[in-house]
Amino acid sequence: MASPMRNLLNDPDRYLQSFRLFLANSTEHQCMQEFVEKQLPALITSIGNGKSTINILSVGGGAGEIDLQILSKVQARYPGVTINNDVIEPSADQIFKYKELVAKTPNLENVKFTWHKETAYEYESRMNAEKKSKKWDFIHMIQMLYYVKDFQATIQYFHSLLETQAKLLVILVSGTSGWERLWKKYGSSFPLDDLCSYISSAGLKRMLDSAGLKYQLYELPSYMDITSCFIEGSKDGELLLDFLTETCEFSKTAPPELKHQVMEELRKPECSEKRDGRVLFNNNLSVIVIEP
């Protein structure tokens, strides 16, 4: 009998609902913003040296909040320089929100935005078909490596597009996070359908080391409040469980035994900590900055 479990990405509306709830319940964006504020300026000191135009590629730019913060740091380092900011993003809804955000953000006169409604793989295929290989001064891939078929090939392709002084910045869940624990143990039970693969900074580091690439690693502590997951009938709890397992309506479609095991796992100290009566899932992130 076929399992009724479906990958969450098969239902884009529910995916976006659960993703927004994840952002609202976690310190995901706050810890990234803090990194961009405090540590990014030192990392981009040479990307635009001697250039009248800086080319930035955002792979999986989402709704643009972090992208615009990154741009403000590049503008501060290279005042008045023209910036071409290309965005690869498969979701029309996210691109619409990104454009809305740009429209109401001041001081972007020197930034030219181009949106490509496609996946990273579609972009690569199109560039290869058009025999183009535009070089970039800064490429960033924030929380998107889970959605590519072959993360190693994706990293190698975009790494090949770096200019000599450029940087490739990747943010993804840390090898020390609850995600690593949960997915290692139960990922094979979730309906991934080639839409999502489990990768943490541990796997990316292994790949970079074996390819002999130079990189710097930064750990960003973060958590997600998953208390509502343990409240029977909580709509928010069900959506967060969907996000954790990449499964549409996990609590209704998962076999009872799997659901029981996952709920037990989420309570364990390797996944979450209890604080003031709340259950806080370890959402630690890693930033990996790869050299050309």
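It should be emphasised that the depicted structure is a prediction, and the values quoted were computed from it without experimental measurement.

## Structural notes on the sheet that holds strand β10 (residues 272–275)
Spatial ordering of the open sheet is given by β8-β11-β10, a layout of three strands whose pairing is antiparallel. Since the sheet does not close on itself, it has two edges, and those belong to β8 (223–225) and β10, each with one partner. Across this sheet, the average inter-strand angle for adjacent strands is 30°, counted without regard to direction. Looking at chain direction, β8 and strand β11 (residues 278–282) are connected through three bridges and run antiparallel. The partner of Tyr-223 across the bridge, within β11, is Asn-282.

## Side note on the nonpolar core
Judged by nonpolar contacts, the single largest core of 94 residues is most densely connected at Leu-145, Phe-158 and Leu-204. Here this core takes eight residues from strand β6 (residues 162–173), the largest share from any one element. Ignoring sequence-local partners within four residues, the contact set of Phe-158 consists of Leu-57, Val-59, Ile-88, Ala-120, Tyr-123, Ile-139 and Met-141.

## With respect to the UniProt feature "binding site: substrate" (unreviewed entry) in the chain
The sites that carry the UniProt feature "binding site: substrate" (unreviewed entry) are, in the present numbering, Glu-28 and Asn-283. What stands out for the annotated residues spanning 256 residues is how close their C-alpha atoms remain, the widest pair being 7.4 Å apart. Using a relative accessible area of 3% as the deciding quantity, one classes Glu-28 as buried. Discounting residues that sit within four places of it in the chain, Glu-28 has contacts with Phe-22, Leu-23, Gln-143, Ser-222, Asn-283 and Leu-285. Note on placement: Asn-283 falls in the loop between β11 and β12 (285–290). Its relative accessible area of 0% is what places Asn-283 among the buried residues. When sequence neighbours within four positions are dropped, the list of residues in contact with Asn-283 reads Phe-22, Ser-26, Glu-28, Trp-179, Ser-222, Tyr-223 and Met-224.

Basis of the calculations
- Residues numbered from 1 in each chain as written.
- Predicted model: local features only at pLDDT ≥ 70, side-chain atom pairs only at ≥ 80, totals over all residues.
- Heavy atoms only, no water.
- Pairing = 2+ DSSP bridges.
- Helix = DSSP H or I, 4+ residues; strand = E, 2+ residues; numbered from the N terminus.
- Axes fitted to C-alpha atoms, helices over the stretch in contact; angles between N-to-C directions.
- Core = buried A, V, L, I, M, F, W, Y, C linked by side-chain atoms within 4.5 Å.
- Buried < 20%, exposed > 50% of the residue type's maximum accessible area, 1.4 Å probe, protein only.
- Contact = heavy atoms within 4.5 Å.
- UniProt positions renumbered as here; feature names shortened; annotations may be inferred.

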